[in-house]
Amino acid sequence: MNRAEEFNPEPGAMIVWAGDSITHQRGCTQYLENFLYTRFHDKKLRFANAGIKGDCAGDLLERFDEDVAKWQPQYVTLLLGMNDGRYEEF
């Protein structure tokens, strides 16, 4: 069995996309939503976007309760990291 076969969300499951500007712009997340809607059309999945431009990992942690946990999600994706290096040498 591959990993895709293991994912079987319950009806009405809430999925939150948490991240930075890449998440906020909804480009990648829309592809994922479309994929999940077509694979699980009978489950009426729900989605929330908690992407904020310029955020780094620490910023997301600070706003986690207000922007992510409030949705009481069954699944959360973390789509960030571009801003953590601040475009400088590590």
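Now for a description of the structure that goes with this document. Note that the structure is a prediction, hence the values are computed from the model and not measured. (Residues numbered from 1 in each chain as written. Predicted model: local features only at pLDDT ≥ 70, side-chain atom pairs only at ≥ 80, totals over all residues. Heavy atoms only, no water.)

### Some thoughts on the environment of Q72
Okay, so step 1: Tracing the chain through its elements places Q72 in the loop between α5 (64–67) and β3 (75–79).
Okay, so step 2: For Q72, a relative accessible area of 63% corresponds to the exposed category.
Okay, so step 3: Sequence spacing of Q72 and A13 is 59 residues, and the spatial spacing of their C-alpha atoms is 9.6 Å. (Helix = DSSP H or I, 4+ residues; strand = E, 2+ residues; numbered from the N terminus. Buried < 20%, exposed > 50% of the residue type's maximum accessible area, 1.4 Å probe, protein only.)

### Quick notes on the packing of aromatic side chains
Okay, so step 1: Evaluated as defined, the whole model comprises four aromatic pairs.
Okay, so step 2: Ring centres of F7 and F40 lie 5.6 Å apart, and the angle between their planes is 80°; this geometry places the pair in the edge-to-face category. Taken together, the positions of F7 in the loop between α1 (3–6) and β1 (14–19) and F40 in the loop between α3 (27–39) and β2 (46–51) put the pair 33 residues apart, joining distant regions of the chain.
Okay, so step 3: Judged by relative accessible area, which is 26%, F7 ranks as partly exposed.
Okay, so step 4: Ring centres of W17 and F47 lie 5.7 Å apart, and the angle between their planes is 5°; on these two criteria the pair is classed as stacked. In this pair, W17 sits in strand β1 while F47 sits in strand β2, placing the two residues 30 residues apart along the sequence. You'll find W17 and F47 in the same group, each marked buried.
Okay, so step 5: Linked through ring pairs, F7, F40 and Y75 together constitute an aromatic cluster. (Phe/Tyr/Trp six-rings, centres within 6.5 Å; stacked < 30°, edge-to-face > 60°.)

### Considerations on the sheet that holds β1
Okay, so step 1: Judged by pairing direction, the sheet is parallel, and its three strands sit side by side in the order β2-β1-β3 without closing on themselves. Across the chains shown, the open sheet's two edge strands, defined by having one partner strand only, are β2 and β3. Neighbour to neighbour, the strand axes of the sheet diverge by 15° on average, direction disregarded.
Okay, so step 2: Along the sheet, α3 contacts β1, β2 and β3; its crossing angle with β1, the most-contacted strand, is approximately 165°. (Pairing = 2+ DSSP bridges. Axes fitted to C-alpha atoms, helices over the stretch in contact; angles between N-to-C directions. Contact = heavy atoms within 4.5 Å.)

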